[in-house]
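# Structure at a glance
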Amino acid sequence: MKVLRLAAALALFIATGASAATVTTLATGLGGGYGSAFNPTTQQLFFTEYSAGEVSRFDVATGTVTTVHTGIPGPLGVDILYVSGSFYPYVTTGDGRLFKTAPGSPTHNEVTNGLGTPHQIVIDSANAVGYIADSSSGTLWKVNLFGGQKTPIATGLTSAVGLAMSADFQTAYISDGTRLVKFDLKTLARTTLVPGLDRAYRLAWANDARTALYVAERTSPIGRIRRIDLATTPASSALVADVPSYASSVARALDPDILYEVSEGSLNQIRLSGGMPLGPVITRVGNIPSTNIDAATGLATTDPTYFFYVKNASFGGTPHLMLNFPAIRRAGGAYYSVHVDGSLTPSKAVWNNYKWNGSTFVLTQVAPDGAGYFKVPASTDTWAIPDLGFILDTRALSTNVKHTVTVKTYNATFGELATQGQVSLLVDNTGPTMQLSQITHDGLPLDECALITSGSADLSFTFIAFDPQGRLFNYSLVDRWGHGHSAVITSDQYLGAHDASTTWAGVNPTTVNYTLSCTSCSHSFTLSGYSNTTDGFGLIHFSSDFDHAAIYLPGGSCRL
């Protein structure tokens, strides 16, 4: 009897000598677990139990295991036919037969027989045919799933246990216990891709591009799941995870971080990232974590203890989008594109980054192809800025409007993946107004480059320090004289003073009084300030205004 364990009681195994993958036992007590097939539409895993004569189903949504078919003689392999919006699991059995099972009822019907010892089955739903690996005769069968006619399309194999087919069903990949063999159905050419495997059983594609395979090694006391990279020459093999003994099959879930593995007595989940989710596709905008940008307002706020502290900051200039390339690769991503405000046409950008060539960093251009697709950097590439994925030019976007940037990912054949990233940015392309409107002395306005030789040491300043979008960050009016001497006449800032509100426009206008401490020198009066607008690395909109006056009062002095 199968036992479904609650999350708090799940057994946990850590992969050794491989990656940080973790293995969690979902159910125990299986009666000879063998084949498995995952239905991404219903989020259900179907798996066979040879000794029990059963086909069972694991539902991801509920975490439950249900026996859906009994009385099947020694079920081995299972795959799913999709037709007219419905699906039907097909099951091979140890006595050489193929059964069609109903997904929602316990009924099952024989399709054909005489298949030797049929292990893994791979179904071509478009043509309603199944390809079946027969271990006893070393035959690859092709079976019409509606009529039951069977044709041997490859014979004389040492054995045939695991099976995977290319997208065009013209190439078969077969495991025979010790090897992975590539078989060209057109030319009948056979190539050993990986020798030295240890009781290699079922196969599963590791990505939609079909450039890598997972294989279950049916070893004891510890089973193994390996990944075979077909894109390398020769094909390379790497341990993914250690699993319970007598591993039989592996299947990919809809979540690219999760695999399901069926061993002799248990159903197990493998999380490739080691228990951590894949994480966001967009990690940062400059130095600002993407999760610190409010989706509703498009404003950024980081913690005051963070080295780059911003609060309710808008965006402008050329924000750099940093992407989670390791997660994109794990999800099968080979290309990505960037879209603004839901546009179907990708946005394009070209920039330079330094790339390591083995001895030094070389300035290298990064650019999309003609259609706007960027290549995902290879894991073996070393870049000075390893996660830079796009540079957005906000000058092409409307000001004081929230814009949504979406990153879409694609496999090697440009099939769109479910893995996407999105961030909303409130764009402000205009800087603040800084204007010294008038300086008066003893009630009289000063002319430009005025000379004051009489009266008091008191001045009055009327000025504008204003951001019409309400994005002012600070302003400062400073008196400078002599060599390196200065005094702040007045100043104000958003942080700590006005940040109870998301906006602060500044003053438009205001007047302040000031008494000169130096009355025998030339002076420069400068008003300057920033908008609360960032490119992710610093504040970018700066404005200033200045005026000069010579102050030489009778008996004047300078307190330096």
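Right above here is the structure, for reference.
Predicted model only: the values in this text are computed from it and were never measured. (Residues numbered from 1 in each chain as written. Predicted model: local features only at pLDDT ≥ 70, side-chain atom pairs only at ≥ 80, totals over all residues. Heavy atoms only, no water.)

## A few points about the overall build of the chain
Where we set the bar: Runs of H or I in DSSP of at least four residues are treated as helices and runs of E of at least two as strands, each being numbered from the N terminus. Each radius of gyration reported is based on C-alpha atoms, and the globular scaling rule is 2.2 Å times the count of residues to the power 0.38. Accessibility here uses a 1.4 Å probe with only protein chains present; expressed as a share of the type maximum, an area under 20% marks a residue as buried, one over 50% as exposed, and anything in between as partly exposed.
Secondary structure summary: the chain contains one helix and 47 strands in total. The C-alpha atoms of the chain give a radius of gyration of 35 Å, which is well past the 24 Å a tight globule of 560 residues would have. A principal-axis box enclosing the C-alpha atoms of the chain has dimensions of 120 × 45 × 45 Å. Buried positions account for 52% of the 560 residues belonging to the chain.

## Structural notes on the state of the cysteines
Formally: Cysteine sulfurs are considered disulfide-paired once they come within 2.5 Å of each other.
Overall, the coordinates contain one disulfide when judged by the stated rule. Residue Cys518 pairs covalently with Cys558 via a disulfide, S to S 1.6 Å. With Cys518 in the loop between strand S44 (506–515) and strand S45 (520–530) and Cys558 in the segment after strand S47 (542–552), this pair connects stretches of sequence that are 40 residues apart. Free cysteine: Cys449, not disulfide-bonded; nearest cysteine sulfur from Cys521 at 15 Å. For Cys449, a relative accessible area of 59% corresponds to the exposed category. Free of any disulfide, Cys521 has its nearest neighbouring cysteine sulfur in Cys518, separated by 4.7 Å.

## Overview of the pairing of strand S3 (residues 22–28)
Two faces make up the sheet, and in a regular strand the side chains alternate between them. To keep it simple, the criterion reads: At least two DSSP bridges between two strands are required for those strands to pair.
Within S3, seven of the seven residues are buried, leaving the element largely enclosed by the surrounding structure. Pairing of S3 with strand S26 (residues 266–271) involves six bridges; the strand directions are antiparallel. Residue pairing across strands places Val23 opposite Ile270, the latter belonging to S26.

## Observations concerning empty space enclosed by the protein
Rules: Here the term cavity refers to a set of points on a 1 Å grid, laid over the protein atoms alone, in which a 1.4 Å probe fits but cannot get out; the term pocket refers to an open set having protein on both sides within 12 Å along at least five of seven lines, with lining residues being those that place an atom within 4 Å of a point. Grid points are joined across faces, edges and corners, and a volume is the space filled by probe spheres set on the points. Residue classes follow a fixed rule: Ala, Val, Leu, Ile, Met, Phe, Trp, Tyr, Cys and Pro count as nonpolar, while Asp, Glu, Lys and Arg count as charged, and any other residue, Gly among them, counts as polar.
Evaluated as defined, the whole model comprises one cavity of 30 Å³ or more. Empty space within the largest cavity amounts to approximately 80 Å³. Around the largest cavity sit 13 residues that line it, and Ala206, Tyr214, Arg252, Pro256 and Arg330 are the ones nearest its centre. In terms of residue class, the lining of the largest cavity is made up of eight nonpolar, two polar and three charged.

## Regarding the side chain of His119
Where we set the bar: Here a polar contact is taken to be a pair of N or O atoms separated by no more than 3.5 Å, where protein atoms must pair a possible hydrogen donor with a possible acceptor and residues adjacent in sequence count only if both atoms sit in side chains. Two residues form a contact once any of their heavy atoms are found within 4.5 Å.
Secondary-structure assignment places His119 in strand S12 (residues 118–124). There is a polar contact of 3.4 Å between the side chain of His119 and the side chain of Ser135. Ignoring any residue separated from it by four or fewer positions in sequence, one finds His119 in contact with Tyr34, Leu76, Gly77, Thr92, Ala133, Ser135, Ala160, Val161, Tyr201 and Arg202.

## Section: the sheet that holds strand S6 (residues 54–59)
Defined as follows: Here, axes are lines fitted to C-alpha atoms. For helices the fit covers the stretch in contact, and angles between N-to-C directions go from 0 to 180 degrees.
The strand order across the open sheet built from four strands is S4-S5-S6-S7, with neighbouring strands paired in antiparallel fashion. At either end of the open sheet lies a strand with only one pairing partner, and these are strand S4 (33–39) and strand S7 (64–69). For this sheet, the mean angle separating the axes of adjacent strands, direction not counted, is 25°. Two strands pair when backbone bridges link them, and S4 and strand S5 (residues 44–49) are joined in this way by five bridges, in the antiparallel orientation. Opposite Ala37, over in S5, you have Phe46 as the bridge partner.

## With respect to the environment of Gly162
Here Gly162 is to be found in strand S16 (residues 162–165). The exposure class assigned to Gly162 is buried, which follows from its relative accessible area of 0%. As for Gly162 and Thr48, which are separated by 114 residues in sequence, their C-alpha atoms are 15 Å apart. When residues no more than four places from it in sequence are discounted, the contact partners of Gly162 are Gln120, Ala133, Tyr173, Ile174, Ser175, Tyr201, Arg202 and Leu203.

## Comments concerning the packing of aromatic side chains
Our working rule: The criterion for an aromatic pair is that two Phe, Tyr or Trp rings (for Trp, the six-membered ring) have centres within 6.5 Å, with stacked assigned to planes under 30 degrees apart, edge-to-face to planes over 60 apart and tilted to the rest. Charge-over-ring placement is defined geometrically: NZ (Lys) or CZ (Arg) within 6 Å of the ring centre, and within 35 degrees of the ring normal.
Under the definition given, this model contains 22 aromatic pairs. Where Tyr335 meets Phe414, the ring centres are 4.2 Å apart and the plane angle is 20°; that geometry is what we call stacked. Here Phe414 lies in the loop between strand S36 (401–410) and strand S37 (416–427) and Tyr335 lies in strand S31 (residues 335–340), a separation of 79 residues in the sequence. With relative accessibility at 18%, the residue Tyr335 sits in the buried group. Its relative accessible area of 37% is what places Phe414 among the partly exposed residues. When the ring of Tyr373 is compared with that of Phe414, the centres are 5.1 Å apart and the planes differ by 65°; the resulting orientation is edge-to-face. Note that Tyr373 is positioned in the loop between strand S33 (361–366) and strand S34 (374–375) and Phe414 in the loop between S36 and S37, a separation of 41 residues in sequence. Here a set of aromatic residues connected by ring pairs shows up, and it is made of Phe325, Tyr336, Trp351, Phe374 and Phe390. Its guanidinium or amino end placed over the ring of Tyr88, Lys100 lies 4.5 Å from that ring's centre, counting from NZ or CZ. Against the face of Tyr201 rests Arg218, its NZ or CZ located 5.3 Å from the ring centre.

## Structural notes on the pattern of salt bridges
Test applied: Within this document, salt bridges are pairs made up of a side-chain nitrogen of Lys or Arg and a carboxyl oxygen of Asp or Glu, the two lying within 4 Å of each other.
Taken as a whole and judged by the stated rule, the model has 13 salt bridges. Between Asp381 and Lys355 there is a salt bridge, with its nearest N and O atoms 3.9 Å apart. Remark: Lys355 occurs in strand S32 (residues 351–356) and Asp381 occurs in the loop between S34 and strand S35 (388–391); sequence separation between them is 26 residues. Note on Asp381: relative accessible area 28%, which makes it partly exposed.

## Notes on the pairing of strand S38 (residues 433–441)
As defined by bridge partners, S38 adjoins strand S41 (residues 458–466) across eight bridges and the pair is classed as antiparallel. Counted as the bridge partner of Gln438 is Thr462 from S41. Where S38 and strand S39 (residues 444–445) come together, two bridges link them in antiparallel fashion. Across the sheet, Thr440 pairs through a bridge with Pro445, a residue of S39. Once S38 ends, the chain turns through two residues before running back antiparallel as S39, passing Asp442 with a positive phi of about 55°.

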